[in-house]
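# Geometric and topological summary
Below are the chains, spelled out letter by letter.
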Amino acid sequence: MTSVPDAGDDGAVPALVVEEVRLRFGGVVALDGPSFTIEPGHIVGLIGPNGAGKTTLFNCISRLYQPESGRIAFGDKDLLSLSADGVADVGIARTFQNIGLFPTMSVVDNVLTGAYSRTRTGFLGAALGLPMTGREERRERDEAWALLESMNLARVGREPAGTLPYGTLKRIELARALMQRPKLLMLDEPANGLIHEEVLELAETVRQLRDERGFSVLLVEHHMAMVMSISDRVVVLNFGQKITEGLPADVAAHPEVVEAYLGGAA
């Protein structure tokens, strides 16, 4: 099997800059000007109570939503001028709260779908059976198997995804995102539905892959033990506004964070 390329194979990992992003849905303010930066290679946790605007901001970065004002940049790229496909092309991959794997396809074929945005031969080449298509597919398949092996998933690589436990499916979805060779990996509630041991395993997997590949991570997660254990910095939203940002220990002790999660009486 071939080795898995690092995120930096085609250039340095850029910083993500979010500045004064605002978005309303009708009369409801979803985002009210949060700003923060993710430095290259850092893991940043984005936390807050339900309805704080975390997934809305995620969707603005990945171009599912168009903010009314503000700036989102990835290195020298203005993300707000790009389509969702364009965001993938500059090296940003994401997972979703709800698993979107193809249940009847094998695990390795599910992972291979993550390479679609960066393959060159396209639909026509595949339909015509061109030699270049076959060579590219073999390379991508070798890379998918190497990735599965590095994540201890090779043993289920030929199994239909729909037959596997939920915790395994979460890791397969992560592998699919990594097939894009991201420079920024966006994880939306990756621990949702996992038991405690699976959360710890997932956290260690994310940290190890970040160390090996050098990408940055934006993590939206309600499981505070996971966020605090792997994040370099934590950003806290409430009612669409950033209420604080800093090191995990400092954020956990911040009075406004305690009040947002537990209420003023607590």
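Figured I'd write up the structure that's included with this text. (Residues numbered from 1 in each chain as written. Predicted model: local features only at pLDDT ≥ 70, side-chain atom pairs only at ≥ 80, totals over all residues. Heavy atoms only, no water.)

## Looking at empty space enclosed by the protein
The test is simple: Each cavity reported here is a set of points on a 1 Å grid over the protein atoms alone in which a 1.4 Å probe fits but cannot get out, each pocket an open set with protein on both sides within 12 Å along at least five of seven lines, and each lining residue one with an atom within 4 Å of a point. Grid points are joined across faces, edges and corners, and a volume is the space filled by probe spheres set on the points. Numbering of helices and strands runs from the N terminus; a helix is a DSSP stretch of H or I covering at least four residues, while a strand is a stretch of E covering at least two. Three classes are used, and their members are as follows: Ala, Val, Leu, Ile, Met, Phe, Trp, Tyr, Cys and Pro are nonpolar, Asp, Glu, Lys and Arg are charged, and the others, Gly among them, are polar.
Within this structure, the stated rule accounts for one cavity of 30 Å³ or more. What the largest cavity holds in volume is close to 60 Å³. Surrounding the largest cavity, Thr95, Lys170, Glu173, Leu174, Leu187, Pro190, Leu202 and Val206 form its lining. Contributions of two or more residues to the lining of the largest cavity are made by α6 (166–178) and α7 (196–213). Element by element, the count of residues in the lining of the largest cavity is highest for α6, at three residues. In the lining of the largest cavity, the residues fall into five nonpolar, one polar and two charged.

## A short note on the nonpolar core
For clarity, the cut-off: By nonpolar core we mean a set of buried residues, namely Ala, Val, Leu, Ile, Met, Phe, Trp, Tyr and Cys, connected to one another through side-chain atoms within 4.5 Å. Remark: exposure states derive from per-residue accessible area (1.4 Å probe, protein chains only) relative to the maximum for the residue type, with buried under 20%, exposed over 50%, and partly exposed in between. What makes two residues a contact is simply this: any of their non-hydrogen atoms within 4.5 Å.
Of all hydrophobic cores here, the largest spans 45 residues; its most connected members are Val111, Met151, Ile172, Leu174, Leu178, Leu185 and Met226. Sort the elements by how many residues they give to this core and α6 lands first, with six residues. Among residues more than four places away in sequence, those in contact with Leu185 are Ala93, Leu174, Ala177, Leu178, Phe215, Ser216, Val217 and Leu218. Of all hydrophobic cores here, the second largest spans 27 residues; its members include Leu16, Cys60, Val87 and Ile92.

## What to know about the pairing of strand β4 (residues 43–47)
Applied cut-off: Any two strands with at least two DSSP-identified bridges between them are counted as paired.
Across the five residues that make up β4, a large majority, five, are buried. Burial of β4 is two-sided: the residues Ile43, Gly45 and Ile47 facing one way and the residues Val44 and Leu46 facing the other way are all buried. As defined by bridge partners, β4 adjoins strand β9 (residues 216–220) across four bridges and the pair is classed as parallel. When the bridges of β9 are listed, Val44 appears paired with Leu218. Two strands pair when backbone bridges link them, and β4 and strand β10 (residues 233–238) are joined in this way by four bridges, in the parallel orientation. In the sheet register, Gly45 faces β10, and the bridge partner there is Val234.

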